[in-house]
Amino acid sequence: MPEQEVATGEDSEIDEPKEDDSDSVEPEEEDTDTETEEECLAQNLVISLSEHPELLEIGGSAIISFPDQFVHLLVVCIAAEHWIAVWKICSHGNCDVEWDEAVAAVRCPCHDSLFAIDGSVIEGPAETGLKEFMVCRQADQLFVRPA
Ligand code: FES
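Given the structure is predicted, the values throughout are model-derived calculations rather than measurements. Here the residue numbering is sequential within each chain, running from 1 through the sequence in written order. Totals for whole chains, interfaces and linings use all residues, but because this is a predicted model, local features are given only for residues with pLDDT of at least 70 and pairs of side-chain atoms are given and counted only at 80 or more.

Enquirer: I'd love a proper account of the nonpolar core, names of residues and values included.
Expert: Here, a nonpolar core denotes buried Ala, Val, Leu, Ile, Met, Phe, Trp, Tyr and Cys residues that are linked to one another through C-beta atoms within 7 Å. Counts of 20 or more other C-beta atoms within 10 Å of a residue's own C-beta define buried residues, counts of 12 or fewer define exposed ones, and intermediate counts define partly exposed ones; C-beta atoms are placed from the backbone. Formed by 24 residues in total, the largest nonpolar core has its most connected members in Leu-73, Leu-74, Val-75, Trp-83, Ala-85, Val-86 and Val-135. By the criteria applied, helices consist of DSSP H or I runs no shorter than four residues and strands consist of E runs no shorter than two, each listed in order from the N terminus. Listing elements by their share of this core, those giving two or more residues are strand S3 (71-79), strand S4 (82-87), strand S9 (132-138) and strand S10 (141-146). For every residue pair, C-beta atoms are placed from the backbone, and the pair is scored as a contact if these atoms sit within 7 Å. Setting aside residues no more than four positions away along its own chain, Val-75 makes contact with Ile-47, Leu-55, Ser-61, Ala-62, Ile-64, Trp-83, Ala-85 and Val-135.

Shown next, in the form of structure tokens:
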């Protein structure tokens, strides 16, 4: 079936691939999600929530470093069971960014750059975003990996 989708003309496939796509897309998404969570849990960047209880509260944040891996993060609980993590050092200079609960974004206190929860720049002077990390939870631990 996949060969037909690629090799035949566009008009003749409009009806058939729709059924095939709906059948094939769901398992792929599930597989991807499963792989992604497995990959996340396999990472060695682990945060103990008992050591960082502030991350159990919505809006709670912490600067967490993994010196052996040269990783330095701002981790934020943005909703129930939903955390984000971005590189903690502002791309404009050498300041540690902070969570700004009032605007639900990451702010640099030095020159007021503002970053979205995925690390992208909302407002300069920073021109480059912050590296985003994926966070997943298992029991009392958060597992972190580059997104
Ligand atoms: S160092 Fe962050 S905005 Fe300048």
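Enquirer: Residue-level account of the sheet that holds S9, with values.
Expert: Should DSSP find at least two bridges between two strands, the strands are taken to pair. Pairing is antiparallel in the open sheet, where six strands are placed in the order S1-S10-S9-S4-S3-S2. With partners counted over all chains shown, the strands left at the sheet margins are strand S1 (45-48) and strand S2 (61-66), one partner each. Between one strand axis and the next, the sheet turns by 30° as a mean value, whatever way the strands run. In the sheet, S4 pairs with S9 via two bridges, with the strands oriented antiparallel. Its bridge partner being in S9, Val-86 is matched across the sheet by Glu-132. Helix axes are fitted only over the stretch in contact, all axes being lines through C-alpha atoms; the angle between N-to-C directions runs from 0 to 180 degrees.

Enquirer: Please set out the sheet that holds strand S6 (residues 105-107) residue by residue, giving values where relevant.
Expert: One open sheet accounts for four strands, arranged S5-S6-S7-S8; its pairing is antiparallel. Either end of the sheet is taken by a strand with one partner, and the two such strands are strand S5 (98-100) and strand S8 (121-123). Direction of pairing for S6 relative to strand S7 (residues 114-115): antiparallel, over a ladder of two bridges. The residue bridging Val-106 from the neighbouring strand is Phe-115, located in S7.

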